[in-house]
Amino acid sequence: MAAARSVYFSFLPHHGRAVTQPLPLPALHASHAGTWLRDANGATRGCSKGEAVMAAADTPQLLMNAPLVASRLGYPDLSGLDLLELFAFVYPARFCVPTPKGLAHALGLEEPADDAAVPLLLQRAAGALVATCESNDWAEREGAWSTLQSLARLRWPWAGVLAPHVRRPERAEKWLFTRLPEWEETAERPQPAQVLIDEPEIEAQLERLTGEGAERREGQRLFSRDAGHVFGPRDRQKRPHVLLAQAGTGIGKTLGYLAPASLWAERSGGTVWVSTYTKNLQRQLRRESRSAWPAARADGSPPVVVRKGRENYLCLLNLEDALQGGFAGRPAILAHLVARWAAYSQDGDMIGGDLPGWLGTLFRKRGIAALTDQRGECVYAGCPHYRKCFIERSARNAAQADLVIANHALVMVNAARGRDPASRPTRIVFDEGHHVFDAADSTFSAALTGQEAIELRRWIVGPEKNSRGRRRGLAARLADVASYDDAGGEAVEDAVVAAQALPSDGWLGRLAENAPLGPLEHLLAAVRATTFARDESGLAMGYGIETETAQLPGELVEAAGTAAQALATIRTPLLKLAGRLEAIVEDAPDWLDGQGRARIEGARHSLAWRIDLIAAWEALLSRLGGPADPEFIDWLQVDRNDSREFDVGIYRHWLDPMKPFAKVVLEPAHGVMLTSATLTDRDETGPDWPHAITKSGAPHLELAPKTAEAQSPFDYAGRAEVLIVTDIRKGDIPALAGAYARLIEASDGGVLGLFTAIRRMRAVYGRIADRLARAGLPLYAQHVDPIDTGTLTDIFRDDPRASLLGTDALRDGVDVPGRSLRCVVMESVPWPRPTILHRARRAAAADQEGGAKRYDDRIIRARLAQAFGRLIRTREDAGHFVVLSPAFPSRLLSAFPEGTPVTRLTLEEALQRVANGVVSADLSTAEILPQ
């Protein structure tokens, strides 16, 4: 370390890149292709995994992404000087792809030619980062010295290296919590004016947004005119304007609907909500909205706000607790790096915002989640940081914004139980509208599980035994109310006593030992026993199991009755407490100032949520042992993962979740648009609009929505081929792995591999990763690499020779235009999983046209269409879509865009086509199938 502390840094121009003296510390790099060590001032050499582990144990090594290197070496306790941690300290809230190439680009260094060159790059990158700390131009200097002192006390490996290079400021640095700006209260926004926007105005606005000289796209122009329909004045109460608009990839639908939305917001003074299913589209919307709105209005307020659930934002009270001893060891280091980020963050969004997605994965425990408000324990105005709270600022900005970018779940939750009814969305665009059904299915369901029940206990009771962290129970959050109002205090005490009936820490172990405590644990034990007793899957441990709630044993029904009584005993004092809080607000005491009122209003909102939750659980339990309700599907489930049980519970879903969606979201709205490239199913007869209308929820309001369609301008016939490989036998893992490896080699990387089962994906990855790496073709995989999905996509996008394997999350929402994605490979036809929920909905469709078979086919075609949509994102994109299925039904081919060549062929023939690239002519070597 001593050599590093006296190192001299110099920056000289060299072909536009900075030349930096390497930091004289040993460096280690491990990949699937091998392992390399570099001495502090010596040469780089290849070595064995064992030698690398011994070297790392003896001397701290420079490395990049320690958990990933540890997984490559098979040594989970590996630690060292992680360049990503140093980057997060020096450049908080800045983006960096967490690969050697990405780090080189972020620092203006020459990227390494191969794996053997990475250790030298790590030394140069460390030198560049340390030199930045000495630079007078370091934009993020404020707060660095104070943070470094705290990190030194925590024995952060980088602290000793950085100490000589981060100079002590002349004046004491402000603490983070005094540096953050405060939000200000604003007057409530009036109701939007009733305005009518005509089509010429929309077209003129669209031209302004697309820019002078931009290509005039007729499909986009017609789409934009249709989108204006939802912004007209409503004719009748509870009768919103509803538009279903299918727009093929490349239409430019984002600017298409932002044109009328921006006009309406400007003239009416109202707010438009645009809802997405993926974070990637949220980022895209934020970028494209800049053409319609400035970054800030004249008064400094933002006209465009990205709004997410509370659990996405940094909780300042949790952070303060972590910084003051609530975290220990490595999690405490994470807390200080997050504090550095918080001072420079745009909005405090920790999940998909400007916090690097890889930061949390460098620390084994769930530190990021612990720094957010996961449990709904916010004390609102009772928090000392309330006026600086990122969550509150976001909510207030959204209430005044012209455009709010949110996700489907938040829009539905906000419509159902938003804190301020006046700010609930009334003009909504659901982009990625094909996911609205799934989002509603999740939002309007109920689940009485061990994990949910123990969270309720923690919310009521607070910390127990040796628990760490900021967790506060009702008594702590409402201490002053309890001291002022005897009835309220008694209600809190009664709720805490009643909550002892809920599961407590260690409940899963007690269930496994058949030693449950309390009525809820006895119920869960009966659920678990019944589920295992009825299991006929024969699946190995690692898969969840489930069973219907029909013909239940008497012990389970009896346990359900006892548990329902216990839940009612909890709900009663919570209802009483809610009443007392309402009385205090109505007849305010002298001590109740504005902040106190806000805190009580927040507590009332949280109480109402928990009361509704308990009531839903009671309703769920009351049905057990009785006749089935035809509108609902109930089942018992044991969740397992990697041979470990992690939850047990009872579930209830609507047979048609669009019924509550119509009531809660559509009915109060004035205009709603659902748009997507795959909004309708397409069979041999063309687009199935009747089914799309049914899935929109509009028929539940007896509405006939307007429909519109704009075809993609892309030349799918000339730019894409669908290859159905017929000689890979189902279940043959060696053959499947070999096919993936050879396809990736033929394509020279750029492959997105999609799997329907995590186990098969892991098996394939384990067989081929080393082989591909030796050929210079990096391979990454979900559920294998210790990297979050968003970061995996960033890595894949950044390296045209990389390939990525994944499951459902990568099938829809991955936007990788250009050469980085030139081949999509699906392991098989994506059949629906035969769950109880699927079986019930399939049975309900049996009486409809096409029956149960058509119900399944719609699901499969939608998945195929979504997966194919990853391939062609721009006019210049080209590539192959490969399905490794010997028996691909012809009726599913209509999932692909009309005109796309579809060919059945052998793997050898497919390899030749992939290697040659897309050639639309000469398709004579194999059978060409009509669509």
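Reading the values: rules and limits
Residues numbered from 1 in each chain as written. Predicted model: local features only at pLDDT ≥ 70, side-chain atom pairs only at ≥ 80, totals over all residues. Heavy atoms only, no water. Axes fitted to C-alpha atoms, helices over the stretch in contact; angles between N-to-C directions. Helix = DSSP H or I, 4+ residues; strand = E, 2+ residues; numbered from the N terminus. Left-handed = near helix turned anticlockwise from the far one by under 90°. Contact = heavy atoms within 4.5 Å. Nonpolar A, V, L, I, M, F, W, Y, C, P; charged D, E, K, R; others polar. Pairing = 2+ DSSP bridges. Salt bridge = Lys/Arg side-chain N within 4 Å of Asp/Glu carboxyl O. Buried < 20%, exposed > 50% of the residue type's maximum accessible area, 1.4 Å probe, protein only. Patch = residues over 30% accessible without salt bridge, like charges linked within 9 Å, V, L, I, M, F, W, Y side chains within 5 Å. Areas by Shrake-Rupley, 256 points an atom, 1.4 Å probe, with all protein chains shown as cover. Lys, Arg positive; Asp, Glu negative; His and termini not counted. Charge placed at Lys NZ, Arg CZ, Asp CG, Glu CD. Phe/Tyr/Trp six-rings, centres within 6.5 Å; stacked < 30°, edge-to-face > 60°. Lys NZ or Arg CZ within 6 Å of the ring centre and 35° of its normal. Parallel < 35°, antiparallel > 145°, perpendicular 65-115°, else oblique.

A.B. asks: Got a minute to help me understand the packing of helix α5 (residues 100–107) against helix α6 (residues 118–134) in this structure?
C.D. replies: To describe two helices that pack against each other, one gives the angle between their axes and the distance between the axes. For the pair α5 and α6, the least separation of the axes is 10 Å and the interaxial angle reads 35°. Along this stretch, α5 crosses α6, giving a crossing that reads as left-handed. Facing Pro100, Leu103, Ala104 and Leu107 of α5, the residues of α6 in contact are Val118, Leu121, Ala125, Ala128 and Leu129. Taken together, the residues that form the contact of α5 with α6 break down as nine nonpolar, no polar and no charged.

A.B. asks: Whenever I open this one, the sheet that holds strand β9 (residues 272–276) confuses me. Can you help?
C.D. replies: Whether parallel or antiparallel, the strands of a sheet pair through hydrogen bonds between backbone atoms. Strand order in the open sheet formed by seven strands is β10-β11-β9-β12-β17-β8-β20, with parallel pairing between adjacent strands. The sheet terminates laterally at β10 (304–306) and β20 (706–710), the two strands that pair on one side only. Taken pair by pair, the neighbouring strands of this sheet meet at an average axis angle of 15°, ignoring direction. With six bridges connecting them, strand β8 (residues 241–247) and strand β17 (residues 671–676) associate as parallel partners. Pairing of histidine 241 across the sheet is with glycine 671, part of β17. Contacts between helix α12 (residues 253–268) and the sheet are confined to β8, β9, β11 (403–407), β12 (427–430) and β17, with β17 contributing the most and set at about 165° to the helix.

A.B. asks: How do you make sense of the sheet that holds strand β14 (residues 545–548) when you look at a structure like this?
C.D. replies: Spatially, the four strands line up as an open sheet ordered β13-β16-β15-β14, and their pairing is antiparallel. If you trace the sheet from one side to the other, it starts and ends with β13 (446–449) and β14, each paired once. Across the sheet, the mean angle separating the axes of adjacent strands is 20° when strand polarity is ignored. Packed on one face of the sheet, helix α35 (residues 836–844) meets β14, β15 (632–641) and β16 (644–654) and runs near 150° to β15.

A.B. asks: Teacher, can you tell me more about the environment of alanine 415 here?
C.D. replies: Topologically, alanine 415 is positioned in helix α18 (residues 408–417). Separated by 251 residues in the primary sequence, alanine 415 and leucine 666 have C-alpha atoms spaced 9.3 Å apart. Residues contacting alanine 415, with those up to four places away along its chain left out, are Arg424, Val664 and Val665.

A.B. asks: Where do I start with the pattern of salt bridges in this structure?
C.D. replies: Charged atoms that come close allow side chains of opposite charge to pair. A complete count under the given rule lists 45 salt bridges for this structure. Across the pair glutamate 199 and arginine 225 runs a salt bridge, and its minimum N-O distance is 2.8 Å. In this pair, glutamate 199 sits in helix α10 (residues 199–210) while arginine 225 sits in helix α11 (residues 218–227), placing the two residues 26 residues apart along the sequence. Accessibility expressed as a relative area gives 38% for glutamate 199, which makes it partly exposed. Under the relative-accessibility criterion, arginine 225 is labelled partly exposed at 24%. Salt bridges sharing partners connect three or more residues here, namely Glu199, Glu203, Glu218, Arg221 and Arg225.

A.B. asks: How should a positive patch on the surface be read in this particular structure?
C.D. replies: Residues Lys279, Arg283, Arg287 and Arg290 make up a contiguous surface patch of positive charge. By secondary structure assignment, the location of arginine 287 is in helix α13 (residues 279–288). Taking the relative accessible area as the measure of exposure, arginine 287 reaches 47% and is therefore partly exposed.

A.B. asks: Help me out: how do you make sense of the environment of phenylalanine 327 in this one?
C.D. replies: Inspection of the secondary structure assignment puts phenylalanine 327 in the loop between α14 (316–326) and α15 (330–342). Residue classification places phenylalanine 327 among the buried residues on the basis of a relative accessible area of 16%. For the pair phenylalanine 327 and glycine 473, spaced 146 residues apart in sequence, the C-alpha to C-alpha distance is 19 Å.

A.B. asks: How should the pairing of strand β22 (residues 751–754) be read in this particular structure?
C.D. replies: A regular strand places its side chains on the two faces of the sheet in alternate fashion. The side-chain alternation of β22 yields two buried faces, one formed by Val751 and Gly753 and the other by Leu752 and Leu754. Relative to strand β25 (residues 823–826), β22 runs parallel, the two sharing four bridges. Directly across from leucine 752, in β25, lies its bridge partner valine 824. Where β22 meets strand β24 (residues 803–806), three bridges bridge the pair, whose relative direction is parallel. Note that in β24 the partner of glycine 753 across the bridge is leucine 805.

A.B. asks: What's the story with the packing of aromatic side chains in this structure? I'm lost.
C.D. replies: What describes a pair of aromatic rings is the distance from one ring centre to the other and the angle between the planes of the rings. According to the stated counting rule, one finds 16 aromatic pairs in the structure shown. On the numbers, 6.0 Å between centres and 35° between planes, the contact of phenylalanine 231 with tryptophan 264 is tilted. Taken together, the positions of phenylalanine 231 in the loop between α11 and β8 and tryptophan 264 in helix α12 put the pair 33 residues apart, joining distant regions of the chain. Measuring from centroid to centroid gives 5.7 Å for phenylalanine 868 and phenylalanine 881, while their planes differ by 55°, and the two rings are tilted. Here phenylalanine 868, found in helix α36 (residues 851–868), pairs with phenylalanine 881, found in strand β26 (residues 879–884); they are 13 residues apart in sequence, far enough to count as distant. Of the two residues, phenylalanine 868 and phenylalanine 881, neither departs from the other in class, the shared state being buried. Grouped by ring-pair contacts, the aromatic residues Phe714, Tyr716, Phe868, Phe881, Phe888 and Phe896 constitute a single cluster. Sitting above the plane of the phenylalanine 89 ring, arginine 340 keeps its charged end 4.9 Å from the centroid.

A.B. asks: What is the right way to look at the packing of helix α31 (residues 733–747) against helix α37 (residues 907–916) in this model?
C.D. replies: The contact between α31 and α37 brings their axes to 8 Å, and the two run at 25°. Classed by the angle they form, the pair α31 and α37 counts as roughly parallel. With respect to the hand of their crossing, α31 and α37 are arranged in right-handed fashion. Residues Ala739, Arg742, Leu743, Ala746 and Ser747 of α31 touch α37, and the partners they reach there are Leu907, Glu908, Leu911, Val914 and Ala915. When grouped by side-chain class, the residues that make up the contact of α31 with α37 number seven nonpolar, one polar and two charged.

A.B. asks: So what exactly am I meant to see when it comes to the pairing of strand β27 (residues 902–905) here?
C.D. replies: Burial along β27 is two-sided: the residues Val902 and Arg904 and Thr903 and Leu905 are all buried. Here four bridges tie strand β21 (residues 720–725) to β27, and the two strands are oriented parallel to one another. Bridging across to β27, valine 725 finds its partner in leucine 905.

Treat this as a map of the structure, not an account of what it does.
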